[in-house]
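Observations on the three-dimensional arrangement
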Amino acid sequence: MKTIAFFDIDGTLRTVVDPWMLLHNHLGTGEQGGKYYEAWREHKISYTEMTELDAALWKGVALDKMTAILQSNPIRKGAKALVHWFKKQGIPCIGISTGMSFLNAITAKELGLDEVISNEILFEDDVCTGEVLIHVEEDSKAQVVQSVLKRYATPFDNIISFGDGPADIAMFKLSTFSVATFPRNEEVSNHADLTINEEPIDLLIEHLEHLV
């Protein structure tokens, strides 16, 4: 059985659910960032517009400062062991995140993910330009999964996914088996085949062994 695993990052493999607000709160832009978030929630601006406005607030901030802030978001206990278990079975592990690529590249290397598709804050000479390239929107994870499957050009008859938020439900619906990892609300749990609310998260491997 050909299997592929998809992982949300923030809230799933890392503990803090919103890296954008994590940055805002450390950089003193939380009040304005919160206003942009509420405007998006009220459908006054698009997701892309919200992230562009967010990134503009960080223009001139050094990459190493932003990285240090985001790395304060701890990796969940057992996350590395969970990914390593999949890799031992020869199963590709793909991250899909609305977070930032410069941190997710570090996460991918540390955990052993094959790749992470996420959003790019742009830098020039290691200083934020205030611009962003959006690759994953809050409601586009299903399309990202489908694009990955097409790119691999391999028929996967077993898709396993992990996520914590409403954005991951669409990914769950495409999956053979889905895991709500520290879900943010009951709706997320209701759309998953399994829910886990404890660390280390590799404890759930016993529920996966029959699938691969």
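**A look at the pattern of salt bridges**
- Following the criterion strictly, the structure yields 8 salt bridges and no others.
- Residues Glu-42 and Lys-44 are paired through a salt bridge, measuring 2.9 Å at the closest nitrogen-oxygen approach.
- Here Glu-199 ties to Arg-76 by a salt bridge, and the two come within 2.9 Å at their closest N and O atoms. Taken together, the positions of Glu-199 in the segment after β7 (194-196) and Arg-76 in the loop between α4 (63-70) and α5 (79-88) put the pair 123 residues apart, joining distant regions of the chain.
- Taking the relative accessible area as the measure of exposure, Arg-76 reaches 8% and is therefore buried.
- If you follow the salt bridges from partner to partner, you end up with Asp-8, Lys-141 and Asp-168 in one network.

**Some points on unusual backbone geometry**
- Geometrically, the link from Glu-199 to Pro-200 is a cis peptide bond, its omega value of 0 degrees lying close to zero.
- Inspection of the secondary structure assignment puts Pro-200 in the segment after β7.
- The phi dihedral of His-43 is positive, around 65 degrees, even though this residue is not glycine.
- Its place among the elements puts His-43 in the loop between α2 (30-41) and α3 (47-57).
- The backbone of Phe-182 shows a phi angle near 50 degrees, a positive value even though the residue is not glycine.
- On the secondary structure map, Phe-182 appears in the loop between β6 (177-181) and α9 (186-190).

Scoring rules and cut-offs
Residues numbered from 1 in each chain as written. Predicted model: local features only at pLDDT ≥ 70, side-chain atom pairs only at ≥ 80, totals over all residues. Heavy atoms only, no water. Salt bridge = Lys/Arg side-chain N within 4 Å of Asp/Glu carboxyl O. Helix = DSSP H or I, 4+ residues; strand = E, 2+ residues; numbered from the N terminus. Buried < 20%, exposed > 50% of the residue type's maximum accessible area, 1.4 Å probe, protein only.

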